[in-house]
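# Commentary on secondary and tertiary structure
The lines below spell out each chain.
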Amino acid sequence: MTPEIPFREGLDELASHYKQVLTLLGEDPEREGLQKTPMRVAKAMQVLTRGYTQDPHKVLTDALFEEKYNQMVIVKDIDFFSMCEHHILPFYGKVHVAYIPNGYITGLSKIARVVDIFSHRLQVQERLTEQVMQCINDTLKPQGVMVVIEAKHMCMQMRGVEKQNSITTTSAYSGVFESSKTRNEFMDLLRGETKRI
């Protein structure tokens, strides 16, 4: 369970703007069902953007361990939710991360925390993919990192083209993953083409 995060400065001002938005949409923000909505939305938006106040590099370095292991480490099927910066609508899906250590490893849950921090900012999927990869690469200095994200975008499902089953896949990689052989090994493992536990 995610720990409680204190609300940031500007909460009341944010709520007042949402009250104005309701009015501009043709609603009556004073009616019973909407009286508390501006503050609820303001609090929700601060939670959904809490990543701006968190340091993903520190998360990794707080659980950094010297280890001679030099094979692929994969953390896959990391659930995430983020907000598209173009329409402030959610996109969500799964993140798969692989890295090959170069003397140091990090706690496995810390990889998921890095995803959580970057996804709790206004995002585009392409940048989110690159940021997760670059953070792990810069902090752990491994032999290589690869990140694959598969996501559905509500801006495509609820508006515009309204395509319900479209999935967007992005990838970013560095170091030894620039070799197609290493990338293919990772992708095979994601597809479950090796023996499962």
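Residues numbered from 1 in each chain as written. Predicted model: local features only at pLDDT ≥ 70, side-chain atom pairs only at ≥ 80, totals over all residues. Heavy atoms only, no water.

### Focus on the UniProt feature "binding site: Zn(2+)" (unreviewed entry) in the chain
In the numbering adopted here, UniProt assigns the feature "binding site: Zn(2+)" (unreviewed entry) to Cys84, His87 and Cys155. In summary, the annotated positions, though distributed over 72 residues, converge in three dimensions, the widest C-alpha pair being only 7.9 Å. Take His87: it is sitting in the loop between strand S2 (73–84) and strand S3 (90–100). Overall, the relative accessible area of 36% leaves His87 in the partly exposed class. Look past the residues within four positions of His87 in its chain and what remains in contact with it is Cys155 and Arg159. Position of Cys155 relative to the elements: it lies in helix H6 (residues 154–157). Ignoring anything within four residues of it in the chain, the contact list for Cys155 reads Cys84, His87, Leu89, Pro90 and Gly160. (UniProt positions renumbered as here; feature names shortened; annotations may be inferred. Helix = DSSP H or I, 4+ residues; strand = E, 2+ residues; numbered from the N terminus. Buried < 20%, exposed > 50% of the residue type's maximum accessible area, 1.4 Å probe, protein only. Contact = heavy atoms within 4.5 Å.)

### Focus on the sheet that holds strand S6 (residues 144–153)
Taking strand neighbours across the sheet as the criterion, the 5 strands line up as S5-S2-S3-S6-S7 in an open arrangement whose pairing is mixed. On the outer flanks of this sheet lie strand S5 (122–123) and strand S7 (168–175), each paired with one strand and no other. Where S3 and S6 come together, 10 bridges link them in antiparallel fashion. Across the sheet, residue Ile100 finds its bridge partner in S6, namely Gly144. Where helix H4 (residues 108–119) meets the sheet, its contacts fall on S2, S3 and S5, and the angle it forms with S2 comes to roughly 20°. Packed on one face of the sheet, helix H7 (residues 180–190) meets S2, S3, S6 and S7 and runs near 45° to S6. (Pairing = 2+ DSSP bridges. Axes fitted to C-alpha atoms, helices over the stretch in contact; angles between N-to-C directions.)

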